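Listed here are the chains, written in short residue letters.
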Amino acid sequence: MNTPKYPKSNQMPVGSVQCDNTTLNLLKANDFVAKAIREKLSDVLVINVCSSPGSGKTTLMQETGKRLSDKLNLAVLVGDPETDRDAVRMKEVGINALQIVTGGMCHIEAQMILQALDHIDLAGVDLLFIENVGNLVCPAAFDLGEDIRVTVLAATEGDDKPKKYPRMFLTSELLVVSKADLLPYVPFSVEAAAQDAREVNPAIEVMSISSLKGDGMDEWCNWLLEKVQEKKAKLETA
């Protein structure tokens, strides 16, 4: 398992120029809270799932919960600008979920996660997903105390996103190409997307899945189980 770099707010694509502005103070405060979350959830694998709107994050969470219900105790914190619909969908399939309504904000911040932890039962939880607000820009800068960041890219979006939104892919450990069952019908090259992502971030892993058809779901679930075990083993040797 590649060791993620923290804080992720400090990671910039090659060729970027960091300017002094008030945003830096906001990110430093966010990083402080993220560090506290990481310490609070030291025995839970936390995965921040990011993407554009409509990439299939919620469906992926639902299907993951169904497949791993007898292997892992998992929970989901779901970010949305206005509604609780995604959390309702999680609960309908038996997933322990809590909605974070951002009030129109285009991303989740660490302080929202810290507050949410007081309202969700994580006793015995092995894996906590944070389903971020659909956006490939703002969420990239905000460390939420996660162990791993996963970016979901739908086949319907186009394969040029890693170079257009490099910071998101630079700060991610895994790229998941979703809606893979549509690949025969859309102009999307998994190879091109993977190549661009690896030029931005040579360490990023790539896999393709179809949550509805099941393609790639075994690989995804095995990857999650492996990461949970890696964190547990790291705790035991600490």
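Each value, and the rule that gives it
Residues numbered from 1 in each chain as written. Predicted model: local features only at pLDDT ≥ 70, side-chain atom pairs only at ≥ 80, totals over all residues. Heavy atoms only, no water. Axes fitted to C-alpha atoms, helices over the stretch in contact; angles between N-to-C directions. Helix = DSSP H or I, 4+ residues; strand = E, 2+ residues; numbered from the N terminus. Parallel < 35°, antiparallel > 145°, perpendicular 65-115°, else oblique. Left-handed = near helix turned anticlockwise from the far one by under 90°. Contact = heavy atoms within 4.5 Å. Nonpolar A, V, L, I, M, F, W, Y, C, P; charged D, E, K, R; others polar. Polar contact = N/O pair within 3.5 Å; in protein donor to acceptor, adjacent residues only side chain to side chain. Pairing = 2+ DSSP bridges. Buried < 20%, exposed > 50% of the residue type's maximum accessible area, 1.4 Å probe, protein only. Right-handed = clockwise from strand over helix to strand, strands pointing away. Expected span 1.5 Å × (residues − 1). Arc of directions from axis to C-beta. Salt bridge = Lys/Arg side-chain N within 4 Å of Asp/Glu carboxyl O.

Student: Looking at this model, I keep getting lost on the packing of helix H2 (residues 57–68) against helix H3 (residues 85–92). Mind explaining?
Tutor: In a pair of packed helices, the angle between the axes and the distance between the axes together describe the arrangement. Packing of H2 against H3 leaves a shortest axis separation of 9 Å and a crossing angle of 20°. The orientation of H2 with respect to H3, classified from their angle, is roughly parallel. Between H2 and H3 the crossing geometry is right-handed. Of the residues in H3, those in contact with Thr58, Thr59, Met61 and Gln62 of H2 are Asp86, Arg89 and Met90. Residues belonging to the contact of H2 with H3 are distributed by class as follows: two nonpolar, three polar and two charged.

Student: How should I be thinking about the side chain of Lys161 in this particular structure?
Tutor: By the secondary structure assignment, Lys161 is in helix H5 (residues 161–164). Separated by 2.7 Å, the side chain of Lys161 and the backbone oxygen of Glu157 make a polar contact. Excluding anything up to four places from it in sequence, Lys161 contacts Leu136, Leu153 and Phe169.

Student: Where do I start with the sheet that holds strand E6 (residues 174–178) in this structure?
Tutor: Backbone hydrogen bonds hold the strands of a sheet together, and the pairing may be parallel or antiparallel. Across the sheet, which stays open at both edges, the seven strands sit in the order E3-E2-E4-E1-E5-E6-E7 with parallel pairing between neighbours. Each edge of the open sheet carries a strand with a single partner, namely strand E3 (96–101) and strand E7 (205–208). For this sheet, the mean inter-axis angle between neighbouring strands, taken without regard to orientation, is 20°. Bridge count between strand E2 (residues 74–80) and strand E4 (residues 127–131): five bridges; the pairing is parallel.

Student: Before we go on, may I ask you to explain the pairing of E2 in this structure?
Tutor: When a strand is regular, its side chains alternate between the sheet's two faces. Within E2, seven of the seven residues are buried, leaving the element largely enclosed by the surrounding structure. The two faces of E2 match: Leu74, Val76, Val78 and Asp80 on one face and Ala75, Leu77 and Gly79 on the other face are all buried. Looking at chain direction, E2 and E3 are connected through six bridges and run parallel. From the neighbouring strand, Ala75 faces E3, where its bridge partner is Asn96. Taking the sense of rotation as the criterion, the β-α-β connection linking E2, H3 and E3 turns out right-handed.

Student: Please clarify how helix H8 (residues 217–237) should be interpreted in this entry.
Tutor: Residues that lie three or four places apart on an α-helix share one face, since the helix turns once every 3.6 residues. If you check H8, its first and last C-alpha atoms are 30 Å apart, about what 21 residues at 1.5 Å a residue would give, namely 30 Å. Those residues of H8 lying buried are Met217, Trp220, Cys221, Trp223, Leu224, Lys227, Val228 and Lys231. The arc enclosing the buried residues of H8, seen along the axis, measures out at 155°, which places them on a common side. Structural note: H8 exposes Asp218, Glu236 and Thr237 on the side pointing more than 90 degrees away from its buried face. Residues of H8 that are buried in the fold lie against strand E1 (45–51), H2, E4, strand E5 (148–154), E6 and E7.

Student: Just to check I follow, could you spell out the pattern of salt bridges for this structure?
Tutor: Charged atoms that come close allow side chains of opposite charge to pair. Taken as a whole, this structure holds 14 salt bridges when the rule is applied. Its salt-bridge partner being Lys66, residue Glu63 comes within 3.1 Å of it at the nearest N-O pair. Here Glu63 pairs with Lys66, and both are found in helix H2, just three residues apart, close to one helical turn. Exposure remark for Glu63: the relative accessible area of 18% places this residue in the buried category.

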